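Listed here are the chains, written in short residue letters.
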Amino acid sequence: MPCDNPHQSQFFQYFVKHFKRLGLKRLTATCYDASIGQLSLFEDYDEAQELITKPKQAYKAVIEEVGRSPMLEDLLELPRNHLELLDGNGDFASQECVELMKAADVVVTNPPFSLFRELLRLLVSLDKDYILLGASQAVTYSEAFQRFQMGQLHLGVMEFSKALNFEVPEGTPYDQKVGYTFYKRVPVAWYTSFEVATQVIPLNLTKPFVPSAYPLLDDDDSIINVDRLADLPKDYLGKMAVPITFLKSWDKAQYQLLGKIEKAMVAGQEKFTRLLIQKIKDSEK
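To start, this report covers the structure provided alongside it. (Residues numbered from 1 in each chain as written. Predicted model: local features only at pLDDT ≥ 70, side-chain atom pairs only at ≥ 80, totals over all residues. Heavy atoms only, no water.)

1. Quick look at the overall build of the protein
Looking only at helices and strands, the protein features 5 helices and 18 strands. Each of the 285 residues in the protein was classed as buried or not, and the buried ones make up 41%. The long-range share in the protein, meaning contacts at least 24 apart out of those at least 6 apart in sequence, stands at 59%. Of the roughly 16,400 Å² of accessible surface on the protein, 50% is carried by carbon and sulfur atoms. (Helix = DSSP H or I, 4+ residues; strand = E, 2+ residues; numbered from the N terminus. Buried < 20%, exposed > 50% of the residue type's maximum accessible area, 1.4 Å probe, protein only. Contact = heavy atoms within 4.5 Å. Areas by Shrake-Rupley, 256 points an atom, 1.4 Å probe, with all protein chains shown as cover.)

2. Quick look at the packing of helix H3 (residues 95–103) against helix H4 (residues 116–126)
Axis angle and axis distance: for two packed helices, these are the angle between their axes and the distance between the axes, and together they describe the pair. For the pair H3 and H4, interaxial distance at closest approach is 11 Å and the crossing angle is 50°. Viewed along their axes, H3 and H4 adopt a mutual orientation that is oblique. The element H3 and its partner H4 pack so that their crossing is right-handed. Listed contacts from H4 to Val98, Met101 and Lys102 of H3 are Leu119, Leu122, Leu123 and Leu126. Class assignment of the residues belonging to the contact of H3 with H4 gives a composition of 6 nonpolar, no polar and 1 charged. (Axes fitted to C-alpha atoms, helices over the stretch in contact; angles between N-to-C directions. Parallel < 35°, antiparallel > 145°, perpendicular 65-115°, else oblique. Left-handed = near helix turned anticlockwise from the far one by under 90°. Nonpolar A, V, L, I, M, F, W, Y, C, P; charged D, E, K, R; others polar.)

3. Considering the sheet that holds strand E5 (residues 82–85)
The strand order across the open sheet built from 3 strands is E1-E4-E5, with neighbouring strands paired in antiparallel fashion. Strands with a single pairing partner mark the edges of an open sheet, and in this sheet they are strand E1 (27–30) and E5. Direction aside, the axes of adjacent strands within the sheet are offset by 15° on average. Pairing of E1 with strand E4 (residues 59–63) involves 4 bridges; the strand directions are antiparallel. Bridging across to E4, Ala29 finds its partner in Ala61. Together, E1 and E4 form the strand contacts of helix H1 (residues 10–17), whose direction differs from that of E1 by roughly 170°. (Pairing = 2+ DSSP bridges.)

4. Brief notes about the environment of His82
Along the chain, His82 falls in strand E5. When the C-alpha atoms of His82 and Ala61 are compared, they prove to be 6.0 Å apart, with 21 residues separating the residues in sequence. Setting aside residues up to four positions removed in sequence, His82 forms contacts with Lys60, Ala61, Val62 and Leu76. A distance of 3.2 Å separates a polar atom in the side chain of His82 from a polar atom in the side chain of Glu84. (Polar contact = N/O pair within 3.5 Å; in protein donor to acceptor, adjacent residues only side chain to side chain.)

5. Some remarks on the packing of H4 against helix H5 (residues 142–149)
The N-to-C vectors of H4 and H5 enclose an angle of 50°; their axes lie 9 Å apart at closest approach. By the criterion of interaxial angle, the relationship of H4 to H5 is oblique. Contacts between H4 and H5 involve Arg117, Leu120, Arg121 and Val124 from the former and Glu143, Ala144 and Arg147 from the latter. Taken together, the residues of the contact of H4 with H5 sort by class into 3 nonpolar, no polar and 4 charged.

6. Overview of the pattern of salt bridges
Pairing between side chains of opposite charge can happen when their charged atoms approach one another. As enumerated under the stated definition, the model contains 9 salt bridges in all. Glu64 is the salt-bridge partner of Arg26, the closest N and O atoms lying 2.8 Å from each other. Separated by 38 residues along the polypeptide, Arg26 in the loop between H1 and E1 and Glu64 in the loop between E4 and helix H2 (72–75) bring together distant segments of the chain. Arg26 sits in the partly exposed class, given a relative accessible area of 44%. With its nearest N and O atoms 3.7 Å apart, the salt bridge here joins Glu159 to Lys248. Here Glu159 is found in the loop between strand E8 (154–155) and strand E9 (162–168), whereas its partner Lys248 is found in the loop between strand E14 (239–242) and strand E15 (255–261), with 89 residues between them in sequence. Taken together, the salt bridges that share partners define one network made up of Arg26, Glu64 and Arg80. (Salt bridge = Lys/Arg side-chain N within 4 Å of Asp/Glu carboxyl O.)

7. Digging into the side chain of Arg274
As for its placement among the helices and strands, Arg274 is situated in strand E18 (residues 274–279). Overall, the relative accessible area of 7% leaves Arg274 in the buried class. Engagement of the side chain of Arg274 in a polar contact is seen with the side chain of Asn225, the distance being 3.4 Å. Among the polar contacts made by the side chain of Arg274, one reaches the main-chain carbonyl oxygen of Val226 at a distance of 3.4 Å.

See below:
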């Protein structure tokens with residue numbers, strides 16, 4: 001886990017709690033030096049036992065055995081576990097963190113969404129299996145979409161584009177406040193190199209195609225725009241531009257995924273990235 005402070009990461013807690021059930025041999029987690037919640041193990045005190053403020057330092061936790069408690073402080077009491085400072089700042093792209101990923105069988109983490117491309121590109125170059133949590137929009141990134149179309153990247157079991165609450169620092173835009181904690185709701189998805197048997201939400205198509213009800217893309221008069229999945233025409237076999245939430249209902253026997261359109265223009269207005277799909281003629285659905 002290259003983006004997980006073991007002192008506070010729920011990913012870390014999950015794998016510790018299920019360490020034996022999952023048959024894990026070793027769990028390694030590293031953190032960035034800007035993360036909060038550093039351990040007192042790395043704090044200094046003067047003769048009066050007053051805390052001496054030190055710059056935060058990145059560290060890694062290596063867990064090879066677990067006990068009754070999933071807390072890091074208790075895990076470090078076990079002889080085969082250890083915690084040590086990193087030489088650098090804990091950036092997942094740093095050489096020492098890359099070496100840890102090379103030694104791992106699977107990389108699982110919740111990377112900063114702004115760095116999703118960089119981490120995916122790195123994992124692909126290392127030929128590593130991975131399970132990543134990212135923004136649902138990340139599927140449209142070139143690094144992800146090309147591999148998704150080739151069947152080398154898969155969506156996870158969780159419903160695509162489901163909104164989850166993420167804690168954000170005070171002073172940044174937020175959707176909800178609980179006590180002194182600020183949360184932002186973000187549509188997310190799991191992305192993995194493993195093949196996953198996902199369940200789609202079936203589309204019940206009821207609307208007939210009426211040309212006047214479906215505007216054409218300004219840059220291609222052979223593609224109609226569909227803003228809502230409920231508006232997908234049941235009897236149209238041409239190309240359609242749809243929102244990325246289409247993926248949660250994508251039945252491969254019903255539609256072909258032809259590609260994506262980065263900047264769809266409809267009626268002179270710029271739309272978000274659209275997926276380009278086409279209904280399969282011989283489908284009975």
